[in-house]
Amino acid sequence: MRKTLPPLLRVSLASAVSMTALQFAAASAQIATSSPAAFEIESQSLAKALVKYSEQSHMVIVAPVELVNGKTSAAVQGVFPPEQALNNLLTGTGLTAQTHESGALTLKLASVEEGRSPARPLVMAQAATTAPQPAPARASSPAEDSVSVQETVIVTGVRGAPRSIIDSPTPIDVFSADDIQQGSPTGVFESLRYLVPSFNLPTRAGGGTATVIATGGLRGLNPDHTLVLVNGKRRHKTALINSVSSLYNGAAGVDLNMIPSSAIARIEVLRDGAAAQYGSDAIAGVINIILKDSPEGGEASVSFGENFDRSDGEFLTGSLNQGYAIGESGFAHFSYSYMDRNASNRAVPIADTVNLYPLLPGGVRDPREATIDRLVTKNYGAFPQTSHTFGVNLGYEVNGLELYGFGTYGARTSVLDWSYRAPNNIASLPELYPNGFSPRLTIYEDDFEIAGGVRGSYGEWNWDLSSNYGIDITDWENDNGLNASLGPASPTHFEVGRLISSEWVNAFDATRPYDLGSSGELQVSFGFQHRLEKYEIEEGEEASWAAGTYVRPVGQPFAGQLQTPGSQATPGFRPDDAGSVERNNLSVYGELGWSATDKLFLSGALRFESFDDDAGEELIYKLNGRYELTDWLAARASYNTGFRAPTLAQQAYSSTTSQFRDLNGDGENELLLLKNLPVNSAAAIALGASPLVPETSTNISFGVTLTPLNNLAITIDAYRIDVDDRIAVTTTFSPLDTRLSADGVTTIGRQIQNILTANGLPAEISGQYYTNAIDTRTEGVDVVATYMLPTDGFGDFAFKAGYNKNETEITGIVDNPASLSVLGGIVIFDRSKQNALTTAIPDSKITLGLDWTLGGFSVNARTTRFGTYTVQNATNPAADYDVDPAWITDLEIGYAISEALSVFAGANNVFNEYPQEIAAPGATTGSNMYNTFAPFGFTGGSWFVRGVYKW
């Protein structure tokens, strides 16, 4: 019976690892007895012909690299058994196809003794079948890990048979599990920062929950402009919106760090708009996580490290994964990852002359000034975090159907220490905190995803019916704090509330090839999807948000003054914040992929999306193609439209936090009690809010792929992305704004205060909301090059280089609403908010890497240049500053003690680089010397050691 082609995004292991013939025995045992199949393969380079053979036979073959390079295949046309067709293909190459006792089909020199496994790297060609494909029982040797860079097979971006990276009509990067683990990162997102040239991941995008979730964007766009898939299925979003961050404010994307890194076989990153293919949100591209599915063997690893300076930021990670066979046609693979990261801090002690305690009668300094800890800021660095993540991937074939399922669970604890409240601060009640205090927010997060489905075939059609449900639950607790308005009777621990985000997706996909004879082959695909989204806010305990009536008694500083309501730093979610919203989304798509000739491929996709809320309906499309100009040069291009509906979090999120802001452009930071206003709230409407509408985009790209030498691959892709009606956070409307309003008498702050209090908010509150603020155009170029150089006496070398140049400009800004225009001097979207979407990320990135293996030794060296970026003040151009470029170098050295055990040691940021200093340490905080947007952080270098055991 003929094996079926893979349906939508069938999991393929070909680009994840190299495997010997014996390791693939179980996967290809059926090849010799398979029914005859039709073959149409022209004479061409043997490596490309093997990929064609795999696509048409739907089988896996394995061959040593040196046997394939430089050889030309024979033409094969007609109906043959797969083994005979392969031997016909090999005519004149000096190679032959042989089958081991286990049934594995491999390529060997005619003189090579049967049963002797190849010792050099392997070229693999694979078209995934409906049966689960096994991974190796153990990791291969360093030499075996060096797969031909020109023939790595991918499944993202195409339907039907997999294609090689170099043959893809759109730019795609593929990263193996080993790539992800280099440098012992504490999360998956942290790995992508250095692997993908156009991926930007600031160490801290700002305050609040932006320090908890990993938020990064492709090609200068927001995190929620990238669609994340796991095994080809849509992944749910985090509940933690970037609420008070400077970068990516309002983005509620997917947190990859809630997926166990030990479960990942590889990551495929599609750097092109793909909303018409895979659904809304894929404006910048797609990240597809492929999970391990080995039916046997496993791996355990542990890493430890800390920062060079102050020996802080200690981290410990551990992972374990194990595969099991289920009968003769199934597998179960289980994974676990652990991470514990301590805090780091780069603040310095403040001067002895700064008063932290109130002055005593007569203006005398408190004697405790001489003994109090002058390192008052403890949180100017990375925040502590601990996580446990679990994963499972299952598959079983029965009666021609493949049953599959996978899931992940993550439990994470994140701690955010807020700014110090000195004893002379109005909120520091001496009865509770005579020496001041630093409030602490702890977020306990549970993240769960489960997916299942069945794949099969009906005639020539291959279909996939699936359902997946994901939910992210975050519980917020405020410790070491107080609600000053309740006085000395205030609790010091508060239940702040809970955020919950969930998605339930049901999908059907079908695809089949049509043989058009001399006109090539046409791949026809269609499908539909239903998605139910829900977002919930649960209120905190009353003491966390209550506005008490306590006033300071006579004899204390601030006597007779009312106190700020709510728990310090993070007031609880109020009853009017609480609630839930949900919506349904229906989509249907069709896609055609036409292989007109061996040189020309064209495809097009059309998708219709309908939401049952204000997001409405949208029809989007994509056209792309690739033409092979010569055997080593090809051109590719695409044009697509995109669509991203406002997230439910952007529509409904409401919370209050405190943060420091330079509102008036005078260099002085002031503490704000900042409330994010739901767009439909009375206060937001009074400040000019209107209902959110979807973002729309057009994306055009053009590129070339070059393979002028064996094992050398170069891709160059230029792009332009126009996004209209981008959703962003507004100007901060604050009662502390001291500029004069239009009447020339009152301040803008007083006018804003009047608006907010008239709509039921406290006088101390500042406000902001999300709006369709801006149209942007992003232009850039990606260059990726890889060269593999095996040698006889000096080991194997892999040279890698990447470059991205990216610029975003504003093409339109929403008009100022009338309610703000009458104030004068204030706009709905100020300079700093514009800057966050344009020039606040590095304008370029260069990555250079070298992997070297010799016997049991391996070396990985990588250096990355992060380009210039600019930070703008909201109102004062004189307070703007540029941050200079920086080179960051990482080094890892490994040694294989045995076939199973390897050890590694190295350093990230070897030369201990810090970002450019932008200011002297704050007089009262001892911090703020560095801009927190720095993509490599501001805590310097770190060392690590790692051990890996495989079986």
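Caption draft 1: Geometry of the overall build of the protein chain. In terms of helices and strands, the protein chain carries twelve helices and 42 strands. Per-residue burial over the protein chain gives 60% buried out of 951 residues. For the protein chain, the proportion of contacts with a sequence separation of at least 24, taken over those separated by at least 6, is 72%. Accessible surface, the protein chain: about 33,700 Å² in total, of which carbon and sulfur atoms supply 58%.

Caption draft 2: Highlighting the packing of aromatic side chains. Tallied over the full model, the rule gives 26 aromatic pairs. On the numbers, 4.5 Å between centres and 20° between planes, the contact of Y433 with F437 is stacked. Assigned by exposure class, Y433 and F437 land together as buried. Members of the aromatic cluster, connected to one another through ring pairs, are W461, F508, Y514, F526 and F528. Note that R512 overlies the ring of Y514, its terminal NZ or CZ placed 3.7 Å from the centroid.

Caption draft 3: A look at the pairing of strand β24 (residues 521-538). Bridge analysis of strand β23 (residues 494-515) against β24 gives 18 bridges, and the strand direction is antiparallel. Across the sheet, residue R512 finds its bridge partner in β24, namely V524. A loop of five residues connects β23 with β24, the two strands running antiparallel in sequence, and G517 in this loop sits at a positive phi of about 65°. As defined by bridge partners, β24 adjoins strand β25 (residues 579-595) across 17 bridges and the pair is classed as antiparallel. Looking at β25, one finds that L522 is bridged to W594.

Caption draft 4: Molecular detail of the nonpolar core. In this structure, W476, L499, Y535, L677, L687 and Y769 are the most contacted members of the largest nonpolar core, which totals 49 residues. Elements with a contribution of two residues or more to this core: β21 (440-458), β23, β24, α8 (648-652), α9 (682-686), β32 (712-729), α10 (748-758) and β34 (770-790). Top element by residues in this core is α10. It accounts for four residues. Residues F175, L195, V196 and A451 belong to the second largest nonpolar core, which totals 30 residues.

Caption draft 5: Expanded view of a negative patch on the surface. Where like charges cluster on the molecular surface, the negative patch consists of E40, E42, D515 and E521. For D515, the position within the fold is in strand β23. The class of D515 is exposed, set by a relative accessible area of 65%.

Caption draft 6: Summary view of helix α12 (residues 831-838). Most of α12 sits inside the fold, with six of its eight residues counted as buried. Within α12, the full set of buried residues consists of S832, K833, N835, A836, L837 and T838.

Caption draft 7: Main features of the environment of T925. Within the secondary structure, T925 is located in the loop between β41 (901-908) and β42 (942-950). Each C-alpha atom of the pair T925 and Y380 lies 9.7 Å from the other, and the pair is 545 residues apart in sequence. If we ignore the near neighbours within four places in the chain, the residues touching T925 are A347, V348, I350, V376 and T377. A polar atom in the side chain of T925 sits 3.1 Å from the side chain of S927.

Caption draft 8: Region of the structure containing the side chain of R346. Within the secondary structure layout, R346 lies in the loop between β18 (330-341) and β19 (385-398). A relative accessible area of 5% places R346 in the buried class. Looking at R346, its side chain comes within polar contact range of the main-chain oxygen of D309, at 3.1 Å. With residues up to four places along the chain from it excluded, the contact list for R346 reads N307, D309, R310, D312, Y380, Y914, M929, F938 and T939.

Caption draft 9: View of the sheet that holds strand β9 (residues 172-176). An order of β9-β14-β15-β12-β13 is seen for the five strands of this open sheet, with the pairing classed as mixed. Both edges of this open sheet fall to β9 and β13 (233-234), since each of them pairs with a single strand only. Across five bridges, the pairing between β9 and strand β14 (residues 264-270) is antiparallel. Bridge pairing links D173 to V269 in β14.

Caption draft 10: Region of the structure containing unusual backbone geometry. Although it is not a glycine, D281 sits at a positive phi angle of roughly 95°. According to the relative accessible area criterion, D281 is buried, its value standing at 8%. Not every positive phi belongs to a glycine, and N480 is a case in point at roughly 55°. Relative to the elements of secondary structure, N480 occurs in the loop between β22 (461-479) and β23.

Caption draft 11: Inspection of a nonpolar patch on the surface at higher detail. Together, F528, V588, L606, F608, L619, Y621, L623, Y639 and I700 give the surface a local cluster of nonpolar side chains, amounting to about 800 Å² of exposed area. For the nonpolar patch, the element with the most residues is strand β27 (residues 617-628), which contributes three residues. Within the secondary structure, Y621 sits in strand β27.

Caption draft 12: Structural detail: the pairing of β27. In the sheet, strand β26 (residues 600-611) pairs with β27 via eleven bridges, with the strands oriented antiparallel. Within the sheet, the bridge partner assigned to R607 lies in β27 and is I620. Where β27 lies against strand β28 (residues 633-644), seven bridges are found, and the strand directions are antiparallel. In the sheet register, G625 faces β28, and the bridge partner there is A637. Here β27 folds back onto β28 in antiparallel fashion, the turn holding four residues.

Rules and cut-offs
Residues numbered from 1 in each chain as written. Predicted model: local features only at pLDDT ≥ 70, side-chain atom pairs only at ≥ 80, totals over all residues. Heavy atoms only, no water. Helix = DSSP H or I, 4+ residues; strand = E, 2+ residues; numbered from the N terminus. Buried < 20%, exposed > 50% of the residue type's maximum accessible area, 1.4 Å probe, protein only. Contact = heavy atoms within 4.5 Å. Areas by Shrake-Rupley, 256 points an atom, 1.4 Å probe, with all protein chains shown as cover. Phe/Tyr/Trp six-rings, centres within 6.5 Å; stacked < 30°, edge-to-face > 60°. Lys NZ or Arg CZ within 6 Å of the ring centre and 35° of its normal. Pairing = 2+ DSSP bridges. Core = buried A, V, L, I, M, F, W, Y, C linked by side-chain atoms within 4.5 Å. Patch = residues over 30% accessible without salt bridge, like charges linked within 9 Å, V, L, I, M, F, W, Y side chains within 5 Å. Salt bridge = Lys/Arg side-chain N within 4 Å of Asp/Glu carboxyl O. Lys, Arg positive; Asp, Glu negative; His and termini not counted. Charge placed at Lys NZ, Arg CZ, Asp CG, Glu CD. Polar contact = N/O pair within 3.5 Å; in protein donor to acceptor, adjacent residues only side chain to side chain.

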